[in-house]
Amino acid sequence: MRTSQPQTIFLKDYRVPAFLVDHVDLRFELFEDGARVHCTLAMRRNPDSDSSDKSLELDGDSLTTLESVSLDGKPLEGSAYEDRDDKLTLHEVPDQFNLGIVTWIEPQNNTRLEGLYKSSGMFCTQCEAEGFRCITYFPDRPDVMARFRTRVEADKTRYPILLSNGNDVEKGDLADGRHFVTWEDPFPKPCYLFALVAGDLLEKRDTFKTMSGRDIDLRMYVEPRNAEKCDHAMDSLKRAMRWDEEVYGREYDLDIFMIVAVDDFNMGAMENKGLNIFNSSCVLASQETATDMAFQRIESIVAHEYFHNWSGNRVTCRDWFQLSLKEGFTVFRDSCFSADVGSPTVKRIEDATMLRTAQFAEDAGPMAHPVRPESYMEITNFYTLTIYEKGSEVVGMIHTLLGPDLFRKGSDLYFERHDGQAVTTDDFVRAMEDASGRDLSQFRLWYEQSGTPELTVRDEFDDAAGIYRLTIKQSIPDTPGQTDKKPQHIPFAIGFLGAEGESLPLKLAADDADAPTDRVLELTDASHTFEFHGLSERPVPSLLRGFSAPVRVFYPWTREQLTFLMSHDSDGFNRWDAGQRLAVDVINSLVSSTDGNVDAGLVEAYRSLLADSSLDQALVAKMLQLPSEAYLIELADQPNVPAIHRARERVLAHLARSLRDELLACYHRNTLRGHYEVTPEAVARRSLRNTALAWLLHIDDEEGRTLATSQFNEADNMTDRMGALRALVNSGYEKEQEQALADFYQQWKDDPQVVEQWFAVQSGSTRTGGLRKVHELMEHPAFDWKNPNKIRSVIGVFAGQNLPAFHAEDGAGYQFLAEQVRKLDDSNPQIAARLVSPLTRWRKFAPVHGEQMKSALETVRDKSGLSRDVYEVVHKSLAGQ
Ligand SMILES: [Zn+2]
């Protein structure tokens, strides 16, 4: 708990550690009323440090009792050290020594889920970013890398499985029905990668042969009831291991790789060396319990955590300002993996959607920060879309600028040069420069400047000369603490379409005979004009193909041009994007007028999408999704949420009514028979079918109701069952909806991951009662304040997805969220700080809403004993009034 105002930590204050730890010897005695941690550190003065201070300072947090401290085996008197809440200071230490520390901690009372805690009767850990200091006193910073040896002791009946990082080197029985296992990790690692698990878990085994012919033992540990839900994660793991060998030349290094599923977890998953710990919802799947989307998410998260073994563990971050060094690069790696095993265009659309909806919002809000931040109060607040997703885009742009071969040369050099080190994003970029010979000095601004660059594009066509001129101006909006930004180095991919939809050559000089039909223009100045020669007609430009940079593009497209691009662009991403722009334009024109008509062109564009079965159905499935309310809000100045909601609903209803026959045909055409499989084609067909069903139920179509009810009852997989349930919940058919919800719960009440989906479908529905429904769900016996997944699926989904209810005129949604944040702040500040986020954008909304949001935030600010996590978010968003 906070006692004074939290301190801000600055990148410019970074100093190398005064002492290093070569070896950590840990012994955990686990009991029901607590745990005793014996820690011995082999330490020495860091030759690279210029500090002559004789004292040693170690980090600690929430450690119940410090039982003893010894130096080189001799117990220290209390006068030799000072033990404060968050620091242990030894007044004088030699240049090299062994430090022994024994602490008593209470994992069973740890509701923050940082450090060592209990979840469903098992012990587990989460040490990133600063959880290890909740286990013992330690120099808790990533540039202190040590070899760990860990002995875990516990009751053998309750905790037959005892795990830690590395290889198990010793095991045996102890007195009183207890036993122990000792683990040794030969690779030096920062303490944030430490992990421990003890529980009564079922073990699933498999093996993997590496490219050099070594056999790796793969193990998954889950609760016995989840025995049938491991296959997908195991298969994903093997695919990821193979992919990393083939694409990056990276081989796994230990003899064992373990995955553990845990129900109570703040994050999605954690890449601890050799022992990945997963939130159950991000790893367990069966066709009956998980949707296609969950299957894909699991595959990408399993791959992500595995890829960290090199990008994060073997080469780690020097300090937490460099978080994107491992996260941006690893998200880029998992995105490419998902694109390779699935549909590349669909993956690009999904990544861009997330970025444009949520990361652009973050960039425009009070917590905006660069990919490499300059300061923070609480580092867990910086596990953001900017660090992860924008960080990945930044790496992706290097890939675009260098091309795949030089990029691979760069990554090889990076891994070779820095193996076993804790380094910076600058070291990463330098390896890319050294391997490619390219100068990326201006490109580094992507790491330093926050905010989303805006590109304004204007064009003119010189008929007589056959020259088309494209002028592109870039600017970056001011963000907290940053104004007057410099132009950035932006790869801008383009193509031109002729009148028949054909691709035209992009001749940058009159005599360029072999001009390509795709080009990446490199923007480095505030304004550029490019001249394209040899054109007999004015082309339709296809801009920012493949979303080649995380920027906004402004160009005065006409609806005719957008419709044209939607059906002719050879770039799948831009085809989809043209459809989105057209739909945004149509919806926005209805926001201010209640009597306007829905553009007939949009209806016809969707009609041809639904009719054309020769198109890539995965792309069609994406193109049929209207822009989300969140995206429409993000695009608007002072958005009127209820009006945006009504306009979007009107367009949806109009499309559904006009295309009823096509939707029914689409539904039946995409009914799959036979075996369930998660291939891009099968996923696309289920998605199309469920979209058609949702649209039909949106207008309360009778035939749609019959289809939804039978689909719900007969589905052999969760995608179809959930698709039908969601369609019913968002329809006016109350009787069928109640029946389906009751049946669903009855069938799945013992499966927490399915119950979470059941919560989310209700709290996210704009038709089932909003806030009243959310209160009802929170009274439900399956709701649990100690479980982050339940909080996210009820409260998080309400505030993030049920936007008309959250932004209700009376401000009740805002007050509700503020109350929950105040309450949660006492038990789990990390989740509380994330939950408060929707309120922080109060300045974006019209004053009538903005003032109410602000006053809700103020009630959070005024809570006594506010955690550092929530303090930082709330104060930054109220600052500068
Ligand atoms: Zn990660």
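Further up the page is the structure itself.
Summarised in this report is the structure supplied together with it. (Residues numbered from 1 in each chain as written. Predicted model: local features only at pLDDT ≥ 70, side-chain atom pairs only at ≥ 80, totals over all residues. Heavy atoms only, no water.)

**What to know about the overall build of the protein**
Quick note on the threshold: Secondary structure counts use DSSP, requiring at least four H or I residues in a row for a helix and at least two E residues in a row for a strand, with both numbered from the N terminus. For the radius of gyration, the atom set is restricted to C-alpha positions; the globular benchmark scales as 2.2 Å times the number of residues to the power 0.38. We call a residue buried when its accessible area falls under 20% of the maximum for its residue type, exposed when it is over 50%, and partly exposed in between, using a 1.4 Å probe and counting protein chains only. Any pair of residues with heavy atoms lying within 4.5 Å of one another is described as a contacting pair. The Shrake-Rupley method, run with a 1.4 Å probe sphere, supplies the accessible areas, and residue values consider only the shown protein chains as cover. The sign given to each residue is positive for Lys and Arg and negative for Asp and Glu; His and the chain ends receive no count. For charged residues, the charge sits on one atom: NZ in Lys, CZ in Arg, CG in Asp, CD in Glu.
Along the backbone of the protein there are 27 helices and 32 strands. The C-alpha atoms of the protein give 28 Å as radius of gyration, which agrees with the globular expectation for 881 residues (29 Å, within 12%). In terms of principal-axis extent, the alpha carbons of the protein reach across some 90 × 70 × 60 Å. Counting over 881 residues, the protein shows a buried share of 61%. If you take every contact in the protein between residues at least 6 apart in sequence, the share linking residues at least 24 apart comes to 70%. Carbon and sulfur atoms form 47% of the exposed surface of the protein, whose accessible area is close to 33500 Å². Seen as two clouds, the 98 positive and the 141 negative side-chain charges of the protein have centres 1 Å apart.

**As for the packing of helix 10 (residues 572-591) against helix 14 (residues 641-658)**
Defined as follows: Axis geometry follows a simple rule: fit a line to the C-alpha atoms, using only the stretch in contact for helices, then measure angles between N-to-C directions, giving values from 0 to 180 degrees. Just so you know how the angles are binned, under 35 degrees is roughly parallel, over 145 roughly antiparallel, 65 to 115 roughly perpendicular, and the rest oblique. Note on convention: the crossing is left-handed when the near helix lies turned anticlockwise from the far helix by less than a right angle, right-handed when the turn is clockwise.
Closest axis-to-axis distance for the helix 10/helix 14 pair is 8 Å, and the angle between their directions is 125°. Classified by the interaxial angle, the pair formed by helix 10 and helix 14 is oblique. Crossing hand, helix 10 versus helix 14: right-handed. Contacts from Val586, Ile587, Leu590 and Val591 in helix 10 reach Ala643, Ile644, Ala647, Arg648, Arg650 and Val651 in helix 14.

**Let's talk about the environment of Tyr159**
Rules: Nitrogen and oxygen atoms within 3.5 Å of one another constitute a polar contact, given that in protein one can donate a hydrogen and the other can accept it, and given that sequence-neighbouring residues count only through two side-chain atoms.
With respect to the helices, strands and loops of the structure, Tyr159 is situated in the loop between strand 12 (146-155) and strand 13 (161-164). You can call Tyr159 buried: its relative accessible area is 2%. Residues Tyr159 and Leu201 lie 42 residues apart in sequence; the distance between their C-alpha atoms is 8.1 Å. If we ignore the near neighbours within four places in the chain, the residues touching Tyr159 are Glu32, Lys118, Gly121, Phe123, Ala154, His179, Ala198, Gly199 and Asp200. Separated by 2.9 Å, the side chains of Tyr159 and Lys118 make a polar contact.

**Thoughts on the pattern of salt bridges**
Short version of the rule: Salt bridges, as used here, are contacts in which a Lys or Arg side-chain nitrogen is within 4 Å of a carboxyl oxygen on Asp or Glu.
In this structure the tally under the stated criterion is 86 salt bridges. Between Arg250 and Asp412 there is a salt bridge; the shortest N-O distance is 3.7 Å. Remark: Asp412 occurs in helix 6 (residues 404-418) and Arg250 occurs in the loop between helix 1 (231-248) and strand 19 (256-262); sequence separation between them is 162 residues. By relative accessible area, which is 12% here, Arg250 ends up buried. On the basis of relative accessible area, Asp412 is assigned to the partly exposed category, the value being 24%.

**Observations regarding helix 5 (residues 385-402)**
Our working rule: Any helix carries an expected span of 1.5 Å times its number of residues minus one. Here the bend at each residue means the angle between axes fitted to two seven-residue stretches, the one ending at that residue and the one beginning there.
Here helix 5 spans 25 Å end to end across 18 residues, near enough to the 26 Å set by a 1.5 Å rise per residue. Residue Gly391 marks the point of greatest curvature in helix 5, where the axis turns by about 25°. Counting buried positions along helix 5 yields 16 of 18 residues, so the element is predominantly enclosed. Looking one or two residues past helix 5, Gly403 carries a phi angle of roughly 85°, positive in sign.

**As for a negative patch on the surface**
Defined as follows: Two joining distances apply to patches: 9 Å for like charges and 5 Å for nonpolar side chains (Val, Leu, Ile, Met, Phe, Trp, Tyr), and every residue must have over 30% relative accessible area and no salt bridge.
Among the surface-exposed residues, Asp53, Glu57, Asp83, Asp85 and Asp86 lie close enough to one another that they form a single negatively charged patch. Assignment of secondary structure puts Asp86 in the loop between strand 7 (81-83) and strand 8 (87-90). Classification of Asp86 as partly exposed rests on a relative accessible area of 42%.

**Quick word on the packing of aromatic side chains**
Spelled out, the test is: Here a Phe, Tyr or Trp ring, Trp counted by its six-membered ring, pairs with any other such ring whose centre lies within 6.5 Å, and the pair is stacked when the planes are under 30 degrees apart, edge-to-face when over 60, and tilted otherwise. To sit over a ring, a charge needs its Lys NZ or Arg CZ within 6 Å of the ring centre and within 35 degrees of the ring normal.
According to the stated counting rule, one finds 43 aromatic pairs in the structure shown. Relative to Tyr306, the ring of Tyr252 has its centre 6.0 Å away and its plane inclined at 45°; by these criteria the two rings are tilted. Taken together, the residues Tyr252 in the loop between helix 1 and strand 19 and Tyr306 in helix 2 (residues 292-307) connect sequence positions 54 residues apart. Looking at Tyr252, the relative accessible area reads 1%, which means it is buried. Site record: aromatic cluster; members linked through ring pairs are Trp243, Tyr248, Tyr252, Phe257, Tyr306, Phe307, Trp310, Phe329, Phe337, Tyr414, Phe415 and Phe428. Its end group placed over the ring of Tyr248, Arg333 keeps NZ or CZ at 4.5 Å from the ring centre.

**Structural notes on the coordination of the zinc ion**
To be explicit about the condition: Metal sites are built from N, O and S donor atoms within 2.8 Å, or 3.2 Å for Na, K and Ca, and they leave out water, so they may look incomplete. Four donors are marked tetrahedral only if all angles between them lie between 85 and 135 degrees, whereas four are marked square planar and six octahedral if opposite donors are more than 155 degrees apart and the other angles lie between 65 and 115; the remainder are marked irregular.
Donor atoms from the polypeptide that bind the zinc ion are His304 (NE2), His308 (NE2), Glu327 (OE) and Glu327 (OE), placed at 2.0 to 2.7 Å. Around the zinc ion, the four donor atoms sit at angles spanning 54 to 153°, and that spread fits a shape best called irregular. Going along the chain, you hit the donors of the zinc ion in the pattern H-x3-H-x18-E. Note on His308: relative accessible area 0%, which makes it buried.

**Observations regarding the sheet that holds strand 4 (residues 56-59)**
The strands that make up a sheet are held in pairs by hydrogen bonds between backbone atoms, and each pair lies either parallel or antiparallel. Cut-off, in case you're wondering: Criterion used throughout: strands pair if DSSP finds at least two bridges between them.
With respect to topology, three strands assemble into an open sheet ordered 4-8-7, the strand pairing being antiparallel. Since the sheet does not close on itself, it has two edges, and those belong to strand 4 and strand 7, each with one partner. Neighbour-to-neighbour, the strand axes of this sheet turn through a mean angle of 15°, independent of strand direction.

**Looking at the nonpolar core**
For clarity, the cut-off: Residues grouped as a nonpolar core are buried Ala, Val, Leu, Ile, Met, Phe, Trp, Tyr and Cys residues, joined through side-chain atoms within 4.5 Å.
Counting 203 residues, the largest nonpolar core has Phe428, Phe492, Phe532 and Leu839 as the members making the most contacts within it. Ranked by residues supplied to this core, first place goes to helix 10 with nine residues. Once residues within four sequence positions are removed from consideration, Phe492 is found in contact with Leu455, Val457, Ile472, Arg519, Val520, Leu521, Leu523, Leu543, Leu544, Ser548 and Val553. Counting 78 residues, the second-largest nonpolar core is a separate cluster that includes Leu66, Phe123, Ala198 and Met258.

**Regarding the sheet that holds strand 21 (residues 275-279)**
Taking strand neighbours across the sheet as the criterion, the five strands line up as 17-18-19-21-20 in an open arrangement whose pairing is mixed. Strands with a single pairing partner mark the edges of an open sheet, and in this sheet they are strand 17 (202-209) and strand 20 (269-270). Note: strand 17 against strand 18 (residues 215-222), eight bridges, orientation antiparallel. Looking at strand 18, one finds that Lys204 is bridged to Met220. Lying over the sheet, helix 1 contacts strand 17, strand 18 and strand 19, oriented at roughly 25° with respect to strand 17.

**Observations regarding helix 15 (residues 660-669)**
Going by this rule: In this description, one arc is meant: the one made by directions from the helix axis to the C-beta atoms.
Listed in full, the buried residues belonging to helix 15 are Leu663, Leu664, Cys666 and Tyr667. On an axial view of helix 15, the arc spanned by its buried residues comes to 160°, and they lie on one face. Where helix 15 is buried, its residues contact helix 11 (600-611), helix 14, helix 16 (680-698) and helix 17 (702-714).

**Side note on the side chain of Ser436**
Mapping Ser436 onto the fold places it in helix 7 (residues 425-436). Accessibility expressed as a relative area gives 16% for Ser436, which makes it buried.

**Things to note about the environment of Pro6**
By secondary structure assignment, the location of Pro6 is in the segment before strand 1 (9-10). Here the alpha-carbon distance between Pro6 and Ser867, two residues 861 residues apart in the chain, equals 8.9 Å. In this structure Pro6 touches Met377, Arg868 and Tyr871, once residues within four positions along its chain are discounted.

**A closer look at the state of the cysteines**
Such a bond, covalent and formed between the sulfur atoms of two cysteines, is termed a disulfide. Formally: What counts as a disulfide here is a pair of cysteine sulfur atoms lying within 2.5 Å.
Per the counting criterion, the structure on display carries zero disulfides. Considering cysteine sulfurs only, Cys191 is the nearest to Cys317, which forms no disulfide, with 13 Å between them. With no disulfide of its own, Cys336 lies 19 Å from the sulfur of Cys317, the closest cysteine sulfur. Given a relative accessible area of 24%, Cys336 falls into the partly exposed group.

**A short note on the pairing of strand 30 (residues 527-532)**
A one-sided burial pattern is seen for strand 30, the buried positions being His528, Phe530 and Phe532 and the unburied ones Ser527, Thr529 and Glu531. Relative to strand 30, strand 26 (residues 467-475) runs antiparallel, the two being bridged by six bridges. By the bridge assignment for strand 30, Tyr468 is matched with Phe532.

**Let's talk about the side chain of Lys507**
Residue placement: Lys507 occurs in the loop between strand 28 (503-504) and strand 29 (519-523). Of the buried charged residues, Lys507 lacks a salt bridge, with Asp512 as the closest side chain of opposite charge at 7.1 Å.

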